[in-house]
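For reference, the chains in residue letters:
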Amino acid sequence: MSLVAWKQPYLLQVMVDDEPENPRGEEDNIGHMVCWHRRYHLGDEHQYEKPNDFLKELVQRTVSGDAILDYVQSGKSDAVRLMEGGLKQIAGEPAKDHVVSGLRVEGYDRYAKEWYEEDFFSGGLREQRKEIVDCLVDLMADKDLLALARKENILLPLYLYDHSGLSMSVSDFVGHAVHAEWDSGQVGWIYATSGDIRAVYGGVSPENMERAEWCLQSEVKRYDYYLSGQCYGVRLYENGEETESIWGFLGNLSDVLKEIVDYILPEDYQDMVELFQEVPDIKTCSMGYGDIMGELGYPEPFAGAGMEV
């Protein structure tokens, strides 16, 4: 598909960009997009084998040990807990178990429906604080890791819809797209840390957090346009000579046409957005100015100055 509009002295041609640049390569992205899919390479490059690995690393990197300990000790996790003391058998006294001062990390076995001791740390929390925190994080379920990660980061889910093309959104497609129950699902997250937000906006305030979240949503929308093929290029002819050839416009076609006209034409020619005619690409991609004019039944080059179609 190609769209052409003419208003002397300009001929404007808009075409699908078959080789668009991936917007995830743009330097001004504030977000980090991590995805997993068995068939498609999506989002940014990363080395996480599975989502749980990513969530653990993000929590360990961005959430304080105090916040992690408080989360567990307040009973918010049903997968891991921190308990006082532990039993230890004394050498030479096989029948006797003694309570030893320290802390034990326990995990919950959902199949056996019981708690088990994962590790024991003798002494107090002060002596082995980092090791205890790392052990807690390692046992946490994804929902715990997500809850903690969102204390210090903006973390939005990414859903992929794979049905006659690809589409991505921060919202679930179920209930909003045909066969989404089978053809869609979550494939990852896009996130920005407090450090990212501080670097871009100068501080971490509620207003800046809101601005950063809006920015992440915009990045996902641009990536959705890229995945779904809503990518366009433009050629501009003035008095029969090609003066501009610009590619990489992403977006809904009607919005892109307005953007292109506003960006590339003088103010007096903004009404060309209403003059576009659709023609097959095969007739226009390899044609020069004169051939396009003739194919579309426009006047001979430079004839009928000021005439509109």
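Look above for the structure.
Remember, it's a predicted structure, so these values are computed and weren't measured experimentally.

1. Considering the overall build of the protein chain
Scanning the protein chain for helices and strands turns up 9 helices and 12 strands. Relative to its 309 residues, the protein chain shows a buried fraction of 43%. A separation of at least 24 residues holds for 60% of the contacts in the protein chain among residues at least 6 apart in sequence. Total accessible area on the protein chain is roughly 17100 Å²; 47% of this is exposed by carbon and sulfur atoms.

2. Observations regarding the sheet that holds strand β1 (residues 2-7)
Here 5 strands make up an open sheet; going across it, the order is β11-β10-β2-β1-β12 and the pairing antiparallel. A single partner strand is all that each edge strand has here, and the edge strands are β11 (241-250) and β12 (277-279). Pairwise comparison of adjacent strand axes, ignoring direction, gives a mean angle of 20° for this sheet. With 7 bridges joining them, strand β2 (residues 10-16) and strand β10 (residues 231-238) adopt antiparallel strand pairing. Its bridge partner being in β10, Leu-12 is matched across the sheet by Leu-236.

3. Description of the packing of helix α2 (residues 65-73) against helix α3 (residues 129-139)
In contact at an axis separation of 10 Å, α2 and α3 are set at 55° when each is read in the N-to-C sense. Taken together, the axes of α2 and α3 lie oblique to each other. Between α2 and α3 lies a crossing of left-handed hand. Residues Gly-65, Asp-66, Ile-68, Leu-69 and Val-72 of α2 form the contact with α3, whose participating residues are Arg-129, Ile-132, Val-133, Leu-136 and Val-137. Taken together, the residues of the contact of α2 with α3 break down into 7 nonpolar, 1 polar and 2 charged.

4. Some details on the pairing of strand β8 (residues 166-169)
Strand direction decides the pairing type here: strand β7 (residues 153-162) and β8, joined by 4 bridges, are antiparallel. Counterpart to Tyr-161 in the pairing with β8 is Ser-167. Counted along the chain from β7 to the antiparallel partner β8, the turn is 3 residues long, and its residue Ser-164 has a positive phi close to 55°.

5. Regarding the sheet that holds strand β9 (residues 184-193)
Pairing is antiparallel in the open sheet, where 4 strands are placed in the order β3-β9-β7-β8. Of all the strands in the sheet, just β3 (32-35) and β8 have a single pairing partner and so form its edges. Here the strands of the sheet are splayed against their neighbours by 25° on average, with no regard to which way each runs. Those strands touched by helix α4 (residues 142-152) are β7 and β9, and its axis lies near 125° from that of β7. The strands touched by helix α7 (residues 206-227) are β3, β7, β8 and β9; relative to β7, the strand with the most contacts, the crossing angle is about 20°.

6. Re the nonpolar core
In terms of nonpolar packing, the biggest core is built from 30 residues, with Phe-54, Val-105 and Leu-155 touching the most fellow members. Where this core is concerned, the elements lending two or more residues are α1 (51-62), α2, β4 (80-90), β5 (93-109), α3, α4 and β9. Considering each element in turn, this core owes the most residues, 6 residues, to α3. When sequence neighbours within four positions are dropped, the list of residues in contact with Phe-54 reads Val-34, Trp-36, Tyr-48, Leu-155, Trp-189 and Tyr-191.

7. Quick notes on α2
One full turn of an α-helix is made of 3.6 residues, so residues set three or four places apart face in the same direction. For α2, the full list of buried residues reads Ile-68, Leu-69, Tyr-71 and Val-72. Within α2, the buried residues cover an arc of 160° as seen down the axis, which keeps them to one side. Turned more than 90 degrees away from the buried face of α2 sit Asp-66 and Gln-73, all of them exposed. Gly-75, located one to two residues past α2, shows a positive phi value of around 80°.

8. Here's the deal with the side chain of Ser-77
Tracing the backbone through its elements, the reader meets Ser-77 in the loop between α2 and β4. In contact with Ser-77, other than residues within four places in its own chain, are Tyr-71 and Asp-144.

9. A few points about the packing of aromatic side chains
Evaluated as defined, the whole model comprises 11 aromatic pairs. An angle of 65° between the planes, with centres 5.4 Å apart, marks the rings of Tyr-48 and Phe-54 as edge-to-face. Feature note: the residues Trp-36, Tyr-48, Phe-54, Trp-189 and Tyr-191 constitute an aromatic cluster, connected by ring pairs. Over the face of the ring belonging to Tyr-269 we find Lys-7, whose NZ or CZ atom lies 5.1 Å from the ring centre.

10. Focus: the side chain of Asn-153
Structurally, Asn-153 can be placed in strand β7. Among the polar contacts made by the side chain of Asn-153, one reaches the side chain of Thr-62 at a distance of 2.9 Å. Within the structure, Asn-153 has its side chain in polar contact with the backbone oxygen of Ala-149 (distance 2.8 Å). Ignoring sequence-local partners within four residues, the contact set of Asn-153 consists of Leu-58, Thr-62, Ala-192, Thr-193 and Ser-194.

11. Some points on the pattern of salt bridges
Taken as a whole, this structure holds 15 salt bridges when the rule is applied. When the shortest N-O distance is used, the salt bridge between Lys-143 and Asp-78 registers 3.2 Å. One end of the pair, Lys-143, is in helix α4; the other, Asp-78, is in the loop between α2 and β4, and 65 residues separate them in sequence. When the shortest N-O distance is used, the salt bridge between Asp-134 and Lys-130 registers 2.8 Å.

Rules used throughout
- Residue numbers restart at each chain and count upward from 1, following the sequence in its written direction.
- The model is predicted, so local features are restricted to residues of pLDDT at least 70 and side-chain atom pairs to those at 80 or more, both for listing and for counting; the totals for chains, interfaces and linings are taken over all residues.
- Heavy atoms throughout the structure, all of them, feed into the side-chain values; hydrogens and water do not.
- Strands here mean DSSP runs of E at least two residues long; helices mean DSSP runs of H or I at least four residues long; both are numbered from the N terminus.
- Working definition: with a 1.4 Å probe on protein chains only, accessible area under 20% of the residue-type maximum means buried, over 50% means exposed, and in between means partly exposed.
- We call two residues contacting when some pair of their heavy atoms lies within 4.5 Å.
- Note on areas: Shrake-Rupley with a 1.4 Å probe; residue coverage comes only from the protein chains shown.
- Paired strands, in this sense, are two strands between which DSSP finds at least two bridges.
- As a rule, the C-alpha atoms of each element are fitted with a line to give its axis, helices using only the stretch in contact, and angles between N-to-C directions run from 0 to 180 degrees.
- By the definition adopted for this analysis, an angle is roughly parallel if under 35 degrees, roughly antiparallel if over 145, roughly perpendicular if from 65 to 115, and oblique otherwise.
- The sense of a crossing depends on the near helix, which, turned anticlockwise from the far helix by less than a right angle, makes the crossing left-handed and, turned clockwise, makes it right-handed.
- Residues are sorted three ways: Asp, Glu, Lys and Arg are charged, Ala, Val, Leu, Ile, Met, Phe, Trp, Tyr, Cys and Pro are nonpolar, and all the rest, Gly among them, are polar.
- Here, nonpolar core refers to any group of buried Ala, Val, Leu, Ile, Met, Phe, Trp, Tyr and Cys residues whose side-chain atoms link them within 4.5 Å.
- In this description, the arc belongs to the directions extending from the helix axis to the C-beta atoms.
- Only rings of Phe, Tyr and Trp enter the pairing, Trp through its six-membered ring, and a pair is recorded when the two centres are within 6.5 Å. The plane angle decides the type: under 30 degrees is stacked, over 60 is edge-to-face, the rest tilted.
- By definition here, charges over rings are those cases where NZ of Lys or CZ of Arg is within 6 Å of the ring centre and within 35 degrees of the ring normal.
- Polar contact is the term for a pair of N or O atoms within 3.5 Å; when the atoms are in protein, one must be able to donate a hydrogen and the other to accept it, and sequence-neighboring residues count only if both atoms are side-chain atoms.
- A pairing counts as a salt bridge when a side-chain nitrogen of Lys or Arg comes within 4 Å of a carboxyl oxygen of Asp or Glu.

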